[in-house]
Amino acid sequence: MEVKVEATFLRGEPSMAHPRGRLMAVRGGRLHVLAPDGWDVVGGARPEGARPISRDDAAAWCLFEGIGEEVLDAVPVPD
């Protein structure tokens, strides 16, 4: 029986390079950041200033950034 591990979404602090912040996700205790080519694993703890957001807010962030909402279902599941 497969257990589904849900992702929790976060938004990083705005910066000059990312005025709306970066979209991040935690799944299975592993932190990921959304990059142009998909989700990248980030080592270490959650960045200071990154705040949890709802899936709906993550979807709105994707819409504003011109990224398909399906990326929210593509957060890798740890081995």
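Residues numbered from 1 in each chain as written. Predicted model: local features only at pLDDT ≥ 70, side-chain atom pairs only at ≥ 80, totals over all residues. Heavy atoms only, no water.

Draft legend 1. Geometry of the overall build of the chain. Broken down by element type, the chain carries 1 helix and 5 strands. Ordered by position from the N terminus, the helices and strands of the chain form the series β-β-β-β-β-α. In terms of C-alpha radius of gyration, the chain reaches 12 Å, essentially the compact-globule figure of 12 Å for 79 residues. The dimensions of the chain, computed from C-alpha atoms along their principal axes, are 45 × 25 × 25 Å. Out of the 79 residues in the chain, the part that is buried amounts to 33%. Once local pairs closer than 6 in sequence are excluded, the contacts in the chain between residues at least 24 apart make up 43%. Accessible surface, the chain: about 5,400 Å² in total, of which carbon and sulfur atoms supply 53%. Measuring between centres, the 9 positive side-chain charges of the chain sit 4 Å from its 13 negative side-chain charges. (Helix = DSSP H or I, 4+ residues; strand = E, 2+ residues; numbered from the N terminus. Rg over C-alpha atoms; globule rule 2.2 N^0.38 Å. Buried < 20%, exposed > 50% of the residue type's maximum accessible area, 1.4 Å probe, protein only. Contact = heavy atoms within 4.5 Å. Areas by Shrake-Rupley, 256 points an atom, 1.4 Å probe, with all protein chains shown as cover. Lys, Arg positive; Asp, Glu negative; His and termini not counted. Charge placed at Lys NZ, Arg CZ, Asp CG, Glu CD.)

Draft legend 2. Structural context of the pairing of strand β3 (residues 30-35). Counting buried positions along β3 yields 5 of 6 residues, so the element is predominantly enclosed. Summarising the sheet, strand β2 (residues 23-27) and β3 pair through 4 bridges and their orientation is antiparallel. When the bridges of β3 are listed, Arg27 appears paired with Arg30. Linking two consecutive strands that pair antiparallel, namely β2 and β3, is a turn of 2 residues; a positive phi of about 60° is found at Gly28 within it. (Pairing = 2+ DSSP bridges.)

Draft legend 3. Structural view of the pattern of salt bridges. All chains considered together, the criterion is met by 2 salt bridges. Between Glu65 and Arg20 there is a salt bridge, with the nearest N and O atoms lying 3.7 Å from each other. You can see Glu65 sitting in helix α1 (residues 55-65) and its partner Arg20 sitting in the loop between β1 (7-11) and β2, a full 45 residues away along the chain. For Glu65, a relative accessible area of 36% puts it in the partly exposed group. Of the charged contacts, one joins Arg55 and Asp73 as a salt bridge, the two residues approaching to 2.7 Å between their closest N and O atoms. With Arg55 in helix α1 and Asp73 in the segment after α1, this pair connects stretches of sequence that are 18 residues apart. The class of Arg55 is partly exposed, set by a relative accessible area of 36%. (Salt bridge = Lys/Arg side-chain N within 4 Å of Asp/Glu carboxyl O.)

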